[in-house]
Amino acid sequence: MKKILVAVFALASAAAFAGANDLLIMFSTPGVDKYADGTTVLDGESYALVWTPTEGAQETVLSVPLAKDGKCPPVLFVVDENDAPKYKDGTWGVFLLDSRDFAKDATGKTLAALDEKGQPKVVNVKASVADGLAKTSGFESAVAGKGVSAGEYDLEGANIPKPVVSGIKVVGANVIVTVKNTVPFVGYTLQAGSDVSNFAVPEGASSAAGNASDEINLVAPKKDGAQFFKVSTIK
């Protein structure tokens, strides 16, 4: 039985040798692709072909560590016709993974090692780049029309904790809000409003990556009159 394949180069040749009922999914991103903390994805970051069944958990079927210069070059995911019957009653999607290993490198500049299947041993969170692909055979294009932004990661699905305000003080012309319960691979900022129903990130507000072991401080300009603040993740 042929195995599931990933073709990176010579895409036309790869397609020519595909089985009649193989599923071929072409994918790329124009960049710039970002992590949830707003930084550009590292060279060698992984993009994954994921199966989402109608019922049950998602399965990462393939992943390729091909990020270069903030984007994914053209990739042809090929799901062999003999493997395709395993995947029914669901849809395919392509995701950008955040596989930075903060336990090994707190600066976030080191990617996790790959396992025997070529998949990252650490995945902090992932962002859907293309989803809802229902084909079971033939050719499907999942070429992205724009880069992945920080706000496209599924933080709730990854059970990322909600940030908690632990302190607030006024220092000169600024309001400093201290925040706990954050994670290093997500960026946080302040939203402000004159009431509790209308919030927006004010001009001059700072943002910062989280810190799982310590609090972080976020700063926004102080304005006259009443001001309400809340912590949000960056978009």
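Residues numbered from 1 in each chain as written. Predicted model: local features only at pLDDT ≥ 70, side-chain atom pairs only at ≥ 80, totals over all residues. Heavy atoms only, no water.

K.L.:
Summarise the overall build of the protein chain; cite the residues concerned and give the values.
P.N.:
Scanning the protein chain for helices and strands turns up one helix and 14 strands. With the C-alpha coordinates of the protein chain rotated into their principal frame, the extents come out at 70 × 35 × 30 Å. Taken across its 235 residues, the protein chain has 42% of its residues classed as buried. In the protein chain, of all internal contacts separated by at least 6 residues, the share reaching a separation of at least 24 is 69%. When the accessible surface of the protein chain is split by element, carbon and sulfur atoms take 52% of a total near 12200 Å². With 22 positive and 27 negative side-chain charges, the protein chain shows a spacing of 3 Å between the two charge centroids. (Helix = DSSP H or I, 4+ residues; strand = E, 2+ residues; numbered from the N terminus. Buried < 20%, exposed > 50% of the residue type's maximum accessible area, 1.4 Å probe, protein only. Contact = heavy atoms within 4.5 Å. Areas by Shrake-Rupley, 256 points an atom, 1.4 Å probe, with all protein chains shown as cover. Lys, Arg positive; Asp, Glu negative; His and termini not counted. Charge placed at Lys NZ, Arg CZ, Asp CG, Glu CD.)

K.L.:
Quick rundown of the nonpolar core? Include the residues and the values.
P.N.:
Among the nonpolar cores identified, the biggest contains 46 residues, and I25, F27, Y47, L49, F77, W92 and Y153 are the most heavily contacted of them. For this core, the element with the highest residue contribution is strand β7 (residues 125–133), accounting for five residues. In contact with I25, other than residues within four places in its own chain, are L49, V75, L76, F77, W92, L133, E140 and A142. (Core = buried A, V, L, I, M, F, W, Y, C linked by side-chain atoms within 4.5 Å.)

K.L.:
Just give me the short version of the side chain of T182, but keep the residues and values in it.
P.N.:
With respect to the element layout, T182 can be found in the loop between β10 (174–180) and β11 (187–193). At a separation of 2.8 Å, a polar atom in the side chain of T182 contacts the main-chain amide nitrogen of N211. Sequence-distant contacts of T182, that is, excluding residues within four places in its chain, are made with P163, Y188, G210, N211, A212, D214 and I216. (Polar contact = N/O pair within 3.5 Å; in protein donor to acceptor, adjacent residues only side chain to side chain.)

K.L.:
Provide a residue-level description of the sheet that holds strand β13 (residues 216–221), including the pertinent values.
P.N.:
Note: strands within a sheet are paired through backbone hydrogen bonds, in either parallel or antiparallel orientation. Pairing in this open sheet of three strands is antiparallel, and the strands run β9-β10-β13 from one edge to the other. Because the sheet does not close on itself, it has two edges, and the strands there are β9 (164–171) and β13. Going across the sheet, the axis of each strand differs from the next one's by a mean of 25 degrees, ignoring polarity. (Pairing = 2+ DSSP bridges. Axes fitted to C-alpha atoms, helices over the stretch in contact; angles between N-to-C directions.)

K.L.:
Now, about the side chain of S99: what can you tell me, with residues and values included?
P.N.:
With respect to the element layout, S99 can be found in the loop between β6 (90–98) and β7. According to the relative accessible area criterion, S99 is buried, its value standing at 2%. Beyond its immediate sequence surroundings of up to four residues, S99 is in contact with E45, T110, L111, A112, P120, V122 and N124.

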